[in-house]
Each structure stands twice: as C-alpha cells, then as structure tokens.
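Remarks on the overall topology
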Amino acid sequence: SNQVGSERLNYAYGKALYFIEEYGSAYDALQRIATGSELFVKARYVIAAILVAQNRLDEAETSFEQVVAAGDKKADADIIELANLSIARIAYEKGLLSKAADYYQRIPRKSPNFQRALYEMTHLHIKASGQYEDPDRRYASLRKSLETLEILAGAPNLGSKLSIETAILRGRINMLLGMLNYAAEGYKEVVDRFAPMSTELWEFSQDEARIAKWFESIVHEQVDPIGRTEMLSKAAAEWLQEEPDLGQVVRNLKDLAGQKKDLVESRDTLVKLRAALS
C-alpha cells in the first residue's frame, strides 16, 4: 500500500473492513486518502459511517458536512444526497429538529431517497408534537405528520417494506390523535396485506431446492426472460430484495446476470462476424 496508486487499494481495503465491522482499521486505511484525491469524498462518507457506528455523532456530522462541502454537485450528487440524509438523521437523534427538517428538505423530489426522507420527516413531526405543552400545537404537529404520510402513501413504487411501515405508522398517528376507528382500519390493512406474504416467505424458507432455483433464476432471467418462472409473488420478492443483507446478494447476482448477458451477446456477435468474414 506504499506504492503509487495505493489510494484505490486503501479505499477498497477500508470499505471492506467497514463491512466486517473492523472500524478502527477501516478508519486508519481511509484516513490515508489525501484531500485532493478523486476518492476523497467517498472515503469521507465511509469514515462518517464508521463514526456513526461508533456512536461518535458530532465527529460523524462534521465528516458528512465535509462530504457536502467537498463533493461535486453533479458528479457526486448521489453521495451528497446520502450525506444530507445522514446529517438530518444525526440532528434528529440530537433533538435538533429544525436542523433535521432543513436537511430532509434538501433531498429532491425526483431522488430515489425522497420517499425515505419523507417517511423520516413524519417521525420528525411526531417527535416535535411531544415537545409542545399546548394541546392545539401538539395536535397540529400530529396532523402535519399524518398529512406527510398521506403524501408518501400516494407515491408510486413505494416498495413492500416501506409500504407496510407507512401503514403501521399511520395507525400509530391515528391512535395518538384519538381516532381509534381509523387506527384499527390501518392495522387491519397491515394484517391483511402482510399475513399472506409472511406465510409465503415461511414456506419458501423451508424449501432449499426452491431457494436455489430462485437465486439461479435471478442470474438467468437477464439472458432468457421468456424462460423465467415465478417462484415468489412480486410483493414477496420485493420484500426479500429490500432486506439489507439479502438485498446485497440479489444486487450482486443481477450484476453477474448483466455480465453474463453481455458475454452471450458478444459471443453471438463474434459468430456473425466470423461468418461474414469467411
């Protein structure tokens, strides 16, 4: 790692150490990346994530702010958004609700992080309501949280997990507002939607052969979408893909599937070229 070009090695090594929770060694590796490096912004973001994992929130906040300040608004737009979202979360944890709201509002509507930011904004309004002694102000803050949640519930492509989390939170807010009938309806909706999926996922988890076929299908469906067989409902498949660890496996397999598709297409092109040349 003392050789030329070692910054890429340090970044890859530091990030790998972060994933296996070797935070001290990861921090040391990432700190070696110089300010002017093209990897500096990414390294600072992972360093900030390490500091969060170590509950060093003030230092993490400073590191996320460095990401926002040093990042290129176009080239680093995605990582700047994630940093803004992280600053909002830290401010929320520290009870700085106005600052948290400001940073949540920096997530653009077209961003893939917008729905999550909106969901967390709902929690912000709930927490704010608990700080008011005046019943009217408390009620107004809870109504604001419900309005924010209704906007989120109407968003397209909400995803299985966030959709259910939204329905549960709506029930909770209605309970806080004293609207128990609406709360009961909301919780019944959760049970009606989730119970069949829960049963389906349990049965799926007990069948090793079916699990193996599902993972194999993820790789092959890119190359042969016509031959694809559905082994899970769309909602259950979405739920699995949204799980943090399993979702990463699925994304890796899809990457492999894309590479396999490219190789197949390249081979076909090569056969045609050889035929044309001959």
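Just so it is clear, the structure is predicted and the values come from calculations on it, not from any experiment. (Residues numbered from 1 in each chain as written. Predicted model: local features only at pLDDT ≥ 70, side-chain atom pairs only at ≥ 80, totals over all residues. Heavy atoms only, no water.)

**So, helix α9 (residues 160-176)**
Put simply, the rule is: Under the scheme used here, helices are H or I runs from DSSP no shorter than 4 residues and strands are E runs no shorter than 2 residues, and both carry numbers assigned from the N terminus. To estimate how far a helix should reach, multiply one less than its number of residues by 1.5 Å. Exposure categories follow from relative accessible area, calculated using a 1.4 Å probe and restricted to protein chains: below 20% of the type maximum is buried, above 50% is exposed, and the middle band is partly exposed. Note on contacts: a residue pair qualifies if any of its non-hydrogen atoms lie within 4.5 Å across the two residues.
Along its 17 residues, α9 runs 25 Å from first to last C-alpha, staying within 8% of the 24 Å computed at 1.5 Å per residue. All of the buried residues in α9 are S160, K161, L162, S163, I164, T166, A167, L169, R170, G171, I173 and N174. Buried residues in α9 make contact with α7 (114-129), α8 (135-153), α10 (180-205) and α12 (234-242). Of the residues flanking the end of α9, it is G178, one or two places downstream, whose phi is positive at about 80 degrees.

**Some words on the packing of helix α11 (residues 208-220) against helix α13 (residues 244-277)**
Worth spelling out the cut-off: Lines fitted to the C-alpha atoms define the axes, with helices restricted to the stretch that makes contact. Angles between their N-to-C directions range from 0 to 180 degrees. Each angle gets one of four labels, with under 35 degrees taken as roughly parallel, over 145 as roughly antiparallel, 65 to 115 as roughly perpendicular, and the rest as oblique. Note that Gly is not counted as nonpolar here; it falls among the polar residues with everything else outside the nonpolar set of Ala, Val, Leu, Ile, Met, Phe, Trp, Tyr, Cys and Pro and the charged set of Asp, Glu, Lys and Arg.
Between α11 and α13, the shortest axis-to-axis distance is 7 Å and the interhelical angle comes to 40 degrees. It follows that α11 is oblique to α13 by the angle criterion. Each of W214, F215, I218, V219 and H220 in α11 lies in contact with α13, whose residues at this interface are L246, V249, V250, L253, K254, A257 and K260. Partitioned by chemical class, the residues of the contact of α11 with α13 number 9 nonpolar, 1 polar and 2 charged.

**Observations regarding a nonpolar patch on the surface**
Quick reminder of the rule: Patch definition: residues with relative accessible area over 30% and no salt bridge; like charges joined within 9 Å; nonpolar side chains (Val, Leu, Ile, Met, Phe, Trp, Tyr) joined within 5 Å. Areas reported as accessible are Shrake-Rupley estimates using a 1.4 Å probe. Residue values count occlusion only from the protein chains shown. One side-chain nitrogen of Lys or Arg within 4 Å of one carboxyl oxygen of Asp or Glu is enough to make a salt bridge.
Together, I168, M175, L180 and Y187 give the surface a local cluster of nonpolar side chains, amounting to about 370 Å² of exposed area. Listing elements by their share of the nonpolar patch, those giving two or more residues are α9 and α10. Locating M175 in the fold gives a position in helix α9. Judged by its relative accessible area of 47%, M175 is partly exposed.

**Some points on the packing of aromatic side chains**
Put simply, the test is: Pairing of aromatic side chains here covers Phe, Tyr and the six-membered ring of Trp, requires ring centres within 6.5 Å, and sorts the geometry by plane angle: under 30 degrees stacked, over 60 edge-to-face, intermediate tilted. Each ring is checked for a lysine NZ or an arginine CZ that lies within 6 Å of its centre and within 35 degrees of its normal; such an atom marks a charge sitting over the ring.
Summed over all chains, the structure comprises 5 aromatic pairs. Measuring from ring centre to ring centre gives 5.9 Å for F204 and W214, while their planes differ by 85 degrees; the resulting arrangement is edge-to-face. Remark: W214 occurs in helix α11 and F204 occurs in helix α10; sequence separation between them is 10 residues. Just as F204 is buried, W214 falls in that class too. Ring pairing ties together the aromatic residues Y18, F19 and Y23, which thus form one cluster. The ring of Y103 has R106 lying over it, and the distance from NZ or CZ to the ring centre is 3.9 Å. Here K127 stacks its cationic end above the ring of Y92, 4.3 Å away from the centre of that ring.

Function-wise, these values are silent; they only describe arrangement.
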